[in-house]
Amino acid sequence: MSMDVDILRALRRAGGGSVSGAELSQSLGVSRAAIWARVQDLRALGYDIEASPHQGYRMLSTPDLLHADDLLSRLESIRVIGRDIRVFQETTSTNDVIEKLARDGVKEGVVVFAEAQTKGRGRLGRKWISPPGKGLWFSLLLRPALRPEEATRLTIVAATALRRAIANATQLRPEIKWPNDILINGKKTAGILTEMHAEPDQVKHLVIGIGVDVNLEAEEFPPELRQIATSLRAETGEAVDRPELACRILKELDAEYERLNAGRFSEVADEWEEHCTTIGRQVSIRLGERQLRGRAEALGEDGALLVRSEHGRLEPVIGGDVTLEKLT
Ligand code: BT5
């Protein structure tokens, strides 16, 4: 772990107070000159760190950028998700970067953020717009002990964590639209793309890609999305601190993943159902060529949506595009 993680953590722990250079150099086991050099580099990145000969160092403000060491310095008690964080200024799709890391044998829990994506994607090859510095565009690698048909559980886990983090950070009331959308006031604010590499009876790895529209202004969405998409800033009227939100999301993801691994998926599913706009609604779901119409009744054991079809049959659905018809 880099020295910057420890320096940022110490400054943050001081909560606006000062930390002396001597104290830092002693606890990190390096010279005061080495600390000074690191502080200079952090300042160049935009961290406003005051240095006074008598008091030591004090953090006055932090910039709105994603910096791996800063994110790591805020995540002290995570178990898996976020123990390794990498940030790119620009990449094609963070899902592609994670896929490469997965094939190189990197441990589960690694998270890759990009300030911008040139080929951000949704499901079925759809495009995901990811302008620089405006959102959280990131992916994570998981290697859960699941059968391929249970993989939808991870999308449920991710949506539950994401909804809770956004609700706590903004006081808004986000809702989940099955399987992968977070809506605020009926408009999409975040999406999840789960991609899987599996053998017939076992998941090898999963890549979970998450896109959150954080600080886009309404007019920064392309015209065709303005009616259906929104950002946290547009909904709250205020800029949202992206690094802080990123860390909240990672902490919630880590906690929910722990619940899944402890065999407590039903608890996650209960929370998900409580906030899901899809349950109890008349839905129309496109499944390839087929259109399934009926009432979304509940979430199944493996994460499937259970739909009571027009013919009275209960059908488990594990993917597809849902149109909500009307409130019942
Ligand atoms: C999704 O797909 O909602 C999954 C989005 C996942 C994006 C993340 S960003 C990090 C990671 N790297 C990637 O390359 N992807 C993941 P889907 O349900 O298929 O929705 C796609 C549709 O959402 C598009 O066809 C547009 O209508 C709409 N859309 C595109 N960009 C959007 C945005 N920024 N905000 C809201 N809606 C958007």
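Residue indices begin from 1 for each chain and proceed along its sequence in written order. Two thresholds apply to this predicted model, a pLDDT of at least 70 for residue-level local features and 80 or more for giving and counting side-chain atom pairs, whereas whole-chain, interface and lining totals are computed over all residues. Computation of side-chain values: all heavy atoms of the structure, hydrogens and water removed.

## Topic: the overall build of the protein chain
Strands are runs of DSSP state E lasting at least 2 residues, helices are runs of H or I lasting at least 4, and numbering of each runs from the N terminus. Regarding its fold elements, the protein chain presents nine helices and 14 strands. With the radius of gyration taken over C-alpha atoms, the globule rule is written as 2.2 Å times the number of residues to the power 0.38. For 328 residues, the compact-globule estimate of 2.2 N^0.38 gives 20 Å, and the protein chain sits close to it at 21 Å. With the C-alpha coordinates of the protein chain rotated into their principal frame, the extents come out at 80 × 45 × 35 Å. The Shrake-Rupley method, run with a 1.4 Å probe, gives the accessible areas here. Residue values count only the displayed protein chains as cover. For the protein chain, the computed accessible surface area is about 15,200 Å², with 46% contributed by carbon and sulfur atoms. When charges are counted, neither His nor the chain ends are considered; positive counts come from Lys and Arg and negative counts from Asp and Glu. Just so you know, the charge point we use is NZ for Lys, CZ for Arg, CG for Asp and CD for Glu. Put simply, the protein chain has 45 plus and 50 minus side-chain charges, and the middle of one group is 1 Å from the middle of the other.

## Some details on the environment of Arg43
In this fold, Arg43 is placed in helix α3 (residues 32-45). Classification of residues uses two cut-offs on accessible area relative to the type maximum, computed with a 1.4 Å probe and protein chains only: under 20% is buried, over 50% is exposed, and between them is partly exposed. Of the residues examined, Arg43 reaches a relative accessible area of 30% and is grouped as partly exposed. When the C-alpha positions of Arg43 and Thr62 are compared, they lie 9.4 Å apart, and in sequence the two are 19 residues distant. Contacts are assigned to residue pairs that have any heavy atoms within 4.5 Å of one another. In this structure Arg43 touches Trp36, Ile49, Glu50 and Ala51, once residues within four positions along its chain are discounted. Between N or O atoms, a polar contact is any pair within 3.5 Å; within protein, one atom must be a potential hydrogen donor and the other a potential acceptor, and residues adjacent in sequence are included only when both atoms are from side chains. A distance of 2.9 Å separates polar atoms of two side chains, one belonging to Arg43 and the other to Gln40.

## So, the pattern of salt bridges
The salt bridge criterion pairs a side-chain nitrogen of Lys or Arg with a carboxyl oxygen of Asp or Glu, the two atoms within 4 Å. Per the counting criterion, the structure on display carries 32 salt bridges. With a closest N to O distance of 2.9 Å, Arg121 and Asp96 form a salt bridge. One end of the pair, Arg121, is in the loop between β4 (110-117) and β5 (135-142); the other, Asp96, is in helix α5 (residues 94-103), and 25 residues separate them in sequence. Overall, Arg121 belongs to the partly exposed group, its relative accessible area being 25%. Residue Asp96 is classed as partly exposed on the basis of its relative accessible area of 28%. With a closest N to O distance of 2.5 Å, Arg164 and Glu256 form a salt bridge. Linking Arg164 in helix α6 (residues 152-170) with Glu256 in helix α8 (residues 242-261), this pair joins segments that are 92 residues apart in sequence. Each member of the pair, Arg164 as well as Glu256, is classed as buried. Three or more residues are tied together by salt bridges with common partners; here these are Arg163, Arg164, Glu252, Glu256, Arg259, Arg264, Glu267 and Glu271.

## Section: the side chain of Thr94
Turning to its location among the elements, Thr94 is positioned in helix α5. A residue is classified by how much of its surface remains accessible, and Thr94, at 2% relative accessible area, is buried.

## Focus on the domain arrangement of the protein chain
Either an automatic procedure or a domain database provided the assignment from which the domain bounds are taken. Taken domain by domain, the protein chain holds domain 1 (3-61), domain 2 (68-274) and domain 3 (282-324). For domain 1 and domain 2, the distance between their C-alpha centroids amounts to 31 Å. Between domain 1 and domain 2, the contact holds seven residues from the first and seven residues from the second. Between domain 1 and domain 2, the buried area comes to about 640 Å², and carbon and sulfur atoms account for 46% of it. The term buried area refers to how much accessible surface (probe radius 1.4 Å) is lost by two components on association, counted for both of them together. Interface area lost by domain 1 to domain 2 is led by Val5, Arg9 and Arg12, which between them contribute 65%. Our count for the contact surface shared by domain 1 and domain 2 stands at three salt bridges. With a closest N to O distance of 3.9 Å, Arg9 and Glu76 form a salt bridge. Taken together, the connections running from domain 1 to domain 2 amount to six residue pairs in polar contact (both at pLDDT 80 or more). Amino acids are sorted into nonpolar (Ala, Val, Leu, Ile, Met, Phe, Trp, Tyr, Cys and Pro), charged (Asp, Glu, Lys and Arg) and polar (every other residue, Gly among them). The residue makeup of the side of domain 1 that touches domain 2, split by class, is three nonpolar, no polar and four charged.

## Quick word on the packing of α6 against helix α9 (residues 265-274)
Following both chains from N to C, one finds α6 and α9 inclined at 55°, their axes separated by 9 Å at the closest point. When the interaxial angle is binned, α6 and α9 end up oblique. Helix-helix and strand crossings are classified by hand; for α6 and α9 the assignment is left-handed. When α6 is examined against α9, the residues Arg153, Ile156, Val157, Ala159, Thr160, Arg163 and Arg164 are found in contact with a partner set consisting of Phe265, Val268, Glu271 and Trp272. A breakdown of the residues in the contact of α6 with α9 according to their chemical character gives six nonpolar, one polar and four charged. For helices, the fitted axis covers only the stretch in contact; all axes are lines through C-alpha atoms, and the angles between them, taken along N-to-C directions, range from 0 to 180 degrees. Here is the rule for angles: anything less than 35 degrees is roughly parallel, anything more than 145 is roughly antiparallel, 65 through 115 is roughly perpendicular, and the remaining ranges are oblique. By definition, turning the near helix anticlockwise from the far helix through less than a right angle yields a left-handed crossing, and turning it clockwise yields a right-handed one.

## A closer look at helix α2 (residues 21-28)
Here α2 has its buried residues at Gly21, Leu24 and Ser25. For α2, the buried positions fall inside an angular range of 95° around the axis, keeping them on one side. Of the residues in α2, the exposed ones pointing more than 90 degrees away from the buried face are Gln26 and Ser27. Turning to α2, the residues buried within the fold contact α1 (3-13), α3 and β2 (56-61). Of the residues one or two after α2, Gly29 is the one with positive phi, at around 70°. In this description, one arc is meant: the one made by directions from the helix axis to the C-beta atoms.

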